[in-house]
Structures are given as C-alpha cells and as structure tokens.
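This is what each chain is made of:
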Amino acid sequence: MNRPTVTLKLATSLDGRIATGAGESRWITGEAARGEVQKLRAAHDAVLIGIGTARADDPELLARTIPPPQRQPVRVVLDTEFSLAARGRLFETLDRATLLVIGAGDGDAARRKALEDAGARTAAVARGPLGIGAEAALAALAEHGVGRVLCEGGGQLAASLIAAEVVDRLEWFRAPMVLGAEGRPGVAALALSSLADAPRFKRVALRELGPDIWESYERVS
Ligand SMILES: NC(=O)c1ccc[n+]([C@@H]2O[C@H](COP(=O)([O-])OP(=O)(O)OC[C@H]3O[C@@H](n4cnc5c(N)ncnc54)[C@H](OP(=O)(O)O)[C@@H]3O)[C@@H](O)[C@H]2O)c1
C-alpha cells in the first residue's frame, strides 16, 4: 500500500492517560514538551486527529515554531459521518493551513458539502472496524501528497493505527502525574488475547524535558 510514514505522538500521565474522566487534557505535559510537539508538527506534512479530539479540544493544530515552518502541515480529521461543526479554531485558521476532513464514502453528503462550503477539503474513503479504515485514510493522504503524518490522538485513533500496524514511530511524552483508571486512555482497547500478540516497539531515544520524559520508539517489524 502506498502510505505516508506514521508518527504517533502521545502526551500522557505516568499511567498512560491523555485526559481526566471529564475530558480535561490541557495541559498534562509542561512547556518544554509542548515546544517539542510544535517542532514535530513542523517536521511533518500533515497532523491527524480523530473527531473525538476535534470536538473535545477545538484545536488549531498549527505548528507554532520560531521561525514558523515554510509550510504549515495539513490538518486532517477522521470523521466518518462528516459531522464536524463548520466553526471553531480549525476553520478560523483556514487562511494559515489546509483542513482536510476524511469521512466515509456513504457519509452524509449534505454535511460534507457544508464543510466544503466553509472552506474545508474533504475526501471519502472506505469504512473500517472503527469508523474510517486506517489504511484507506492513509492511502487518501498519500494521494494528497502527504509523505509524513503526525497523529496526535485521541485514544481511539491511536489504537486503530496501532492495531493496523501502521505506526512507524512513537513520540511519547510522559508527565509526572497519575490520572487513574477513570482517565481517558492514550491507547484505547486493542482486543489482545495474549501478551504474545502485543504490538512491540524498540526505544531509540530517551530525554528529560524539564519535569517530563520524552521517549521515542520505532516499530519492531
Ligand atoms: N493529552 C493529549 O495530548 C491529547 C491528545 C489528543 C486527545 N486528547 C484527549 O482525548 C480525548 C478524545 O479521544 P477519543 O479517543 O475519545 O477520540 P478520538 O480518537 O480523537 O476520535 C475517535 C473518533 O474518531 C472517529 N474515527 C474515524 N475513523 C476512525 C478510526 N479509524 N479509528 C478511530 N476513530 C476513528 C470515530 O468517530 P466517528 O465514527 O463519528 O467518525 C471515533 O469515535 C479528548 O478528551 C481529548 O482531550 C488528549
């Protein structure tokens, strides 16, 4: 399959949570870690999130580096039914970066048109077990000229990319706090039946960033 390389970024508590049970996630990691995330964005052609994160966080997903990148990454939302509201920060910043909403081929045509009328680009691909098929979404990104994509969550999208075995690199920022089992998991259910089936990664770097730890991993193929 022709697909971009996939980097999955996670910013979690020590126990792997990306938000409290109520959905609060700003900020788990500190300023230095968030600065590195901006550089990661600038180094990728696209930044990818699930509709759950778009709704919960109303993010801009711009690379705020100094100096700014020559070209902002394309902001991509996986949104099976094209249900993203055509307002909020992703739309307010359309003059600075492209927004691409990827939904299902049989998704709501009227909503898709409303997103396009508001300035977003859209693409329709095949459904998968959890919304949009991960491989189909990545193939669509390759067609849009994306060679490197940075996925910034949430937990469900992270799980489906890991389950599809398309995560080439993990950038894991870990903050010294514990959110407990009611917190939202950085990686949602993988339906593993045994330890032998667990996806494995090889650590290639480990740094301190103020109070946080930044670990980089590559896929073990
Ligand atoms: N700490 C951090 O850095 C950080 C980063 C990101 C998010 N968060 C937090 O994470 C939470 C959101 O995470 P989430 O897991 O609920 O949502 P999510 O992963 O952002 O989005 C999940 C939704 O995306 C759609 N989708 C389409 N194709 C998919 C696919 N192949 N795999 C998975 N989902 C697909 C599905 O909705 P449809 O079927 O309707 O399309 C699915 O319900 C928020 O609380 C947010 O604040 C934290």
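Residues numbered from 1 in each chain as written. Predicted model: local features only at pLDDT ≥ 70, side-chain atom pairs only at ≥ 80, totals over all residues.

Student: With reference to specific residues and values, describe the pairing of strand β10 (residues 169–174).
Tutor: Sheet topology note: the strand β1 (residues 5–12)/β10 ladder contains six bridges and is parallel. Looking across to β10, one finds that T7 is bridged to R169. By the bridge criterion, six bridges tie β10 to strand β13 (residues 212–219) in an arrangement that is antiparallel. Across the sheet, residue R169 finds its bridge partner in β13, namely E218. (Pairing = 2+ DSSP bridges. Helix = DSSP H or I, 4+ residues; strand = E, 2+ residues; numbered from the N terminus.)

Student: I'd love a proper account of the nonpolar core, names of residues and values included.
Tutor: Judged by nonpolar contacts, the single largest core of 57 residues is most densely connected at V76, V101, I102, A137, C151 and L161. Top element by residues in this core is helix α5 (residues 134–143). It accounts for six residues. Setting aside residues up to four positions removed in sequence, A137 forms contacts with L78, I102, V125 and I132. (Core = buried A, V, L, I, M, F, W, Y, C linked by C-beta atoms within 7 Å. Buried ≥ 20, exposed ≤ 12 C-beta atoms within 10 Å, placed from the backbone. Contact = placed C-beta atoms within 7 Å.)

Student: Kindly report on the sheet that holds strand β5 (residues 99–104), identifying the contributing residues and their values.
Tutor: The strands making up a sheet associate through hydrogen bonds between their backbones, and the pairing can be parallel or antiparallel. An order of β6-β5-β4-β3-β9-β1-β10-β13-β12 is seen for the nine strands of this open sheet, with the pairing classed as mixed. A strand with exactly one partner marks an edge of an open sheet, and here the two such strands are β6 (121–125) and β12 (201–209). Neighbouring strand axes in the sheet, compared pairwise and without regard to direction, differ in orientation by 20° on average. Pairing geometry for strand β3 (residues 46–50) and strand β9 (residues 148–151), over three bridges, is parallel. (Axes fitted to C-alpha atoms, helices over the stretch in contact; angles between N-to-C directions.)

Student: Quick rundown of the site of the ligand? Include the residues and the values.
Tutor: Of all residues adjacent to the ligand, which total 32 residues, the nearest are G50, G52, G131, G153 and G154. Only β2 (17–19), β3, α2 (51–57), β8 (131–132) and α6 (155–163) provide two or more residues apiece to the shell around the ligand. Broken down by element, the residue count for the shell around the ligand peaks at five residues, all from α2. (Near = placed C-beta within 6 Å.)

Student: Let's hear about helix α1 (residues 31–42): which residues, and what values?
Tutor: Taking 1.5 Å as the rise per residue, α1 with 12 residues should run 16 Å; its terminal C-alpha atoms sit 17 Å apart, in good agreement. For α1, the set of buried residues is A33, V37, R41 and A42. Where the residues of α1 are buried, they touch β1, β3, β9, β10, β12 and β13. (Expected span 1.5 Å × (residues − 1).)

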